[in-house]
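Structural features, examined
The lines below spell out each chain.
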Amino acid sequence: GEYAVSTGGKKFSNYQVNLLIKSPVKKYIIGFDNDGLDDAIKLALKLQPFKKVKIVKFKDDRDINDLGKEKVIKLSHKEKYLGYNDLLRLKNSL
């Protein structure tokens, strides 16, 4: 099945980031609301040297709860894992 971590917001403390890095999980899919895309990129940049990361971007103001699990999973399969340069390009495009 799919596993998820609720962030309780868009910001991550260094402690939380370190927990994710030390985790045996090898791949992370980040899906913040559209207004959190910059925070998603910041988190991905911290994780990327240690883990594979992809960011699910929503096309409108809907979020994960609005779309539901199945649609979010389909969206996540359409995204590719991002390298450092990909993340920088995405950040610079905002």
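Note that the coordinates shown come from a computational prediction; the quantities given were computed from them, not determined experimentally.

Counting its secondary structure elements, the protein chain contains 5 helices and 2 strands. Element order for the protein chain, N to C, with α for helix and β for strand: α-β-α-β-α-α-α. Radius of gyration (C-alpha) of the protein chain: 13 Å, near the 12 Å computed for a compact globule of 94 residues. With the C-alpha coordinates aligned to their principal axes, the bounding extent of the protein chain is approximately 30 × 30 × 25 Å. Within the protein chain, the proportion of its 94 residues that are buried is 32%.

Running from N to C, helix α1 (residues 14–22) and helix α2 (residues 37–47) cross one another at 50°; their axes reach a closest spacing of 10 Å. When the axes of α1 and α2 are compared, the pair comes out oblique. Crossing geometry of α1 relative to α2 is assigned as right-handed. From α1, N14, V17, L20 and I21 reach across to α2, where they touch L43, K46 and L47. Residues that form the contact of α1 with α2 fall into these classes: 5 nonpolar, 1 polar and 1 charged.

A word on the nonpolar core. In this structure, I30, L43, L47, I55 and L87 are the most contacted members of the largest nonpolar core, which totals 18 residues. Elements that contribute at least two residues to this core include exactly α1, β1 (27–30), α2, β2 (52–55) and α5 (84–92). When residues in this core are grouped by element, the largest group, 7 residues, is from α2.

Reading guide: rules and limits
Residues numbered from 1 in each chain as written. Predicted model: local features only at pLDDT ≥ 70, side-chain atom pairs only at ≥ 80, totals over all residues. Heavy atoms only, no water. Helix = DSSP H or I, 4+ residues; strand = E, 2+ residues; numbered from the N terminus. Rg over C-alpha atoms; globule rule 2.2 N^0.38 Å. Buried < 20%, exposed > 50% of the residue type's maximum accessible area, 1.4 Å probe, protein only. Axes fitted to C-alpha atoms, helices over the stretch in contact; angles between N-to-C directions. Parallel < 35°, antiparallel > 145°, perpendicular 65-115°, else oblique. Left-handed = near helix turned anticlockwise from the far one by under 90°. Contact = heavy atoms within 4.5 Å. Nonpolar A, V, L, I, M, F, W, Y, C, P; charged D, E, K, R; others polar. Core = buried A, V, L, I, M, F, W, Y, C linked by side-chain atoms within 4.5 Å.

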